[in-house]
Amino acid sequence: MKKDLLGLKDISAKEIENILETAGTMKLILGQPNKKTPHLQGKTVVNLFYENSTRTRLSFELAAKYMSANAANITASGSSVQKGETLIDTAETINAMGTDILVMRHNMSGAPHLIAPLVSASVINAGDGMDEHPTQALLDMLTIKEKKGGFKGLKVAIIGDIYHSRVVRSNVYGLTKLGADVSVGGPTTLMPPGMERLGVKVFNNVEDAIKDADVVMGLRIQLERQKKGLFPSIREYYRFFGVDNERLKLAKPGALVMHPGPVNRGVEFSSSVIDGEQSVINEQVTNGVAVRMAVMYILSRGGFED
């Protein structure tokens with residue numbers, strides 16, 4: 001059994017479906033006046049975040065508290081990291097305090113994979129560099145499943161900063177395993193080489209990527225990860241790759257509009273698309289809590305099958 005969730009690359013379609021089914025049950029709890037359950041009673045969950053986060057960190061904290069766990073948050077800026085403590089020493093210290101689940105976000109790809117074998121706690125990857133963000137992809141898949149009923153033959157178009165996105169990698173691994181057809185679109189300078197090898201179609205214009213899509217997912221332009229200008233300006237990016245109502249018409253009627261957040265309005269999507277009837281961005285946030293409840297519950301019950 002796997003005690004950790006480090007990515008979707010090495011997890012089976014069966015396990016993904018199990019997580020989504022469990023998350024559906026957990027979501028029922030979120031609709032109740034009393035959201036407290038005993039699923040993680042007596043367990044301790046620590047969020048260790050080396051990068052800023054609103055949705056992911058808060059949803060993990062709320063998910064733990066809704067299931068009666070003891071939850072604590074640590075940020076790099078407020079920890080002994082500022083005194084020179086290494087990542088390994090920090091993780092081992094947290095583990096030594098009786099932590100059962102360690103949720104970790106780090107700016108270096110592979111950081112959770114380094115820590116997981118060194119601690120007895122279950123490690124959940126909450127985003128590592130440009131590698132993966134498995135729980136974000138799982139909440140995206142839960143949203144698609146609820147709205148579309150399944151994945152077989154579904155066309156999912158993912159538009160934006162493909163190169164720097166850990167979200168797109170996890171989504172590609174998960175969606176293709178479940179039978180969806182995935183297309184990615186973005187500027188050539190923001191498209192990593194070899195994406196075709198992951199089983200996706202690659203487009204360098206937004207119109208072809210979106211055409212006949214059942215789902216249109218935007219990705220944030222990650223200016224903080226870019227060391228050099230990869231496109232002339234934000235205005236230029238929106239002109240050629242931003243999704244407005246006209247471009248959205250190229251997708252199938254009723255296509256879902258999704259975004260992992262935070263959204264740059266007028267960059268990835270127009271405000272009219274973000275706030276439009278096809279947008280399920282806020283539902284993604286709700287599903288994020290349900291998915292993280294499901295993942296922690298499964299890990300606390302023995303983990304995932306190898």
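An unreviewed UniProt entry annotates the protein chain as Aspartate carbamoyltransferase of Hominilimicola fabiformis. Heading Catalytic activity (unreviewed entry) of the UniProt record for the protein chain holds this comment: "carbamoyl phosphate + L-aspartate = N-carbamoyl-L-aspartate + phosphate + H(+)". Database annotation for the protein chain, UniProt heading Subunit (unreviewed entry): "Heterododecamer (2C3:3R2) of six catalytic PyrB chains organized as two trimers (C3), and six regulatory PyrI chains organized as three dimers (R2)."

Novice: Run through the packing of helix 5 (residues 134-148) against helix 11 (residues 281-300), naming residues and quoting values.
Specialist: Remark: helix 5 packs on helix 11, axes separated minimally by 8 Å, with the N-to-C direction vectors making an angle of 115°. Seen along the crossing, helix 5 lies across helix 11 with a hand that is right-handed. Contacts between helix 5 and helix 11 involve Thr 135, Gln 136, Leu 138, Leu 139, Asp 140, Leu 142, Thr 143, Glu 146 and Lys 147 from the former and Glu 283, Gln 284, Asn 287, Gly 288, Ala 290, Val 291, Arg 292 and Val 295 from the latter. When its residues are assigned to classes, the contact of helix 5 with helix 11 shows six nonpolar, six polar and five charged.

Novice: Give a detailed account of the nonpolar core, specifying residues and quantitative values.
Specialist: Core analysis: the biggest nonpolar cluster contains 61 residues, and Leu 138, Met 141, Ile 144, Ile 158, Val 184 and Met 296 have the highest contact counts within it. Counting residues per element, this core draws most heavily on helix 11, at nine residues. Of all hydrophobic cores here, the second largest spans 21 residues; its members include Ile 221, Tyr 237, Ile 274 and Ile 281.

Novice: So, the layout of surface pockets: which residues are in play, and what are the values?
Specialist: In this structure, the largest pocket occupies an estimated 700 Å³ of space. Lining the largest pocket are 35 residues, with Arg 55, Arg 220, Pro 260, Gly 261 and Pro 262 sitting closest to its centre. Of all the secondary structure elements, the ones that give two or more residues to the lining of the largest pocket are helix 2 (55-66), helix 5, helix 6 (166-177) and helix 11. No other element matches helix 11, which puts six residues into the lining of the largest pocket.

Novice: Help me get a handle on the side chain of Ser 170, residues and values and all.
Specialist: In this structure, Ser 170 sits in helix 6. Discounting chain neighbours no more than four positions away, the residues touching Ser 170 are Leu 8, Glu 132, His 133, Pro 134 and Ala 137.

Novice: Any details on the environment of Ala 72? Residues and values, ideally.
Specialist: Positionally, Ala 72 belongs in strand 2 (residues 70-75). By relative accessible area, Ala 72 is classed as partly exposed at 36%. Considered as a pair, Ala 72 and Thr 44 are 28 residues apart in the sequence and their alpha carbons are 8.0 Å apart. When near neighbours in sequence (up to four residues on either side) are disregarded, Ala 72 contacts Val 45, Val 46 and Asn 47.

Novice: Hey, could you go over the pairing of strand 2 for me, with residue numbers and the actual values?
Specialist: With six bridges joining them, strand 1 (residues 44-49) and strand 2 adopt parallel strand pairing. Counterpart to Thr 44 in the pairing with strand 2 is Asn 70. Taken together, strand 1, helix 2 and strand 2 constitute a β-α-β crossover, and its handedness is right-handed.

Novice: Requested: an account of the sheet that holds strand 9 (residues 256-258), with residues and values cited.
Specialist: By definition, the strands of a sheet pair up through backbone hydrogen bonds, in either a parallel or an antiparallel sense. If you trace the five strands from one edge of the open sheet to the other, you get 7-6-5-8-9, paired in parallel fashion. Two strands in the sheet have a free side with no partner beyond their single neighbour: strand 7 (201-203) and strand 9. Within this sheet the neighbouring strands show an average axis-to-axis angle of 20°, counted without direction. With three bridges connecting them, strand 8 (residues 215-218) and strand 9 associate as parallel partners. Residue pairing across strands places Met 217 opposite Met 258, the latter belonging to strand 9. Helix 5 rests against strand 5 (155-159), strand 8 and strand 9 of the sheet, and its axis sits at about 165° to strand 9.

About the cut-offs
- Residues numbered from 1 in each chain as written.
- Predicted model: local features only at pLDDT ≥ 70, side-chain atom pairs only at ≥ 80, totals over all residues.
- Heavy atoms only, no water.
- UniProt positions renumbered as here; feature names shortened; annotations may be inferred.
- Axes fitted to C-alpha atoms, helices over the stretch in contact; angles between N-to-C directions.
- Helix = DSSP H or I, 4+ residues; strand = E, 2+ residues; numbered from the N terminus.
- Left-handed = near helix turned anticlockwise from the far one by under 90°.
- Contact = heavy atoms within 4.5 Å.
- Nonpolar A, V, L, I, M, F, W, Y, C, P; charged D, E, K, R; others polar.
- Core = buried A, V, L, I, M, F, W, Y, C linked by side-chain atoms within 4.5 Å.
- Buried < 20%, exposed > 50% of the residue type's maximum accessible area, 1.4 Å probe, protein only.
- 1 Å grid on protein atoms, 1.4 Å probe; cavity = no way out; pocket = protein on both sides within 12 Å on 5 of 7 lines; lining within 4 Å.
- Points joined across faces, edges and corners; volume = space filled by probe spheres on them.
- Pairing = 2+ DSSP bridges.
- Right-handed = clockwise from strand over helix to strand, strands pointing away.

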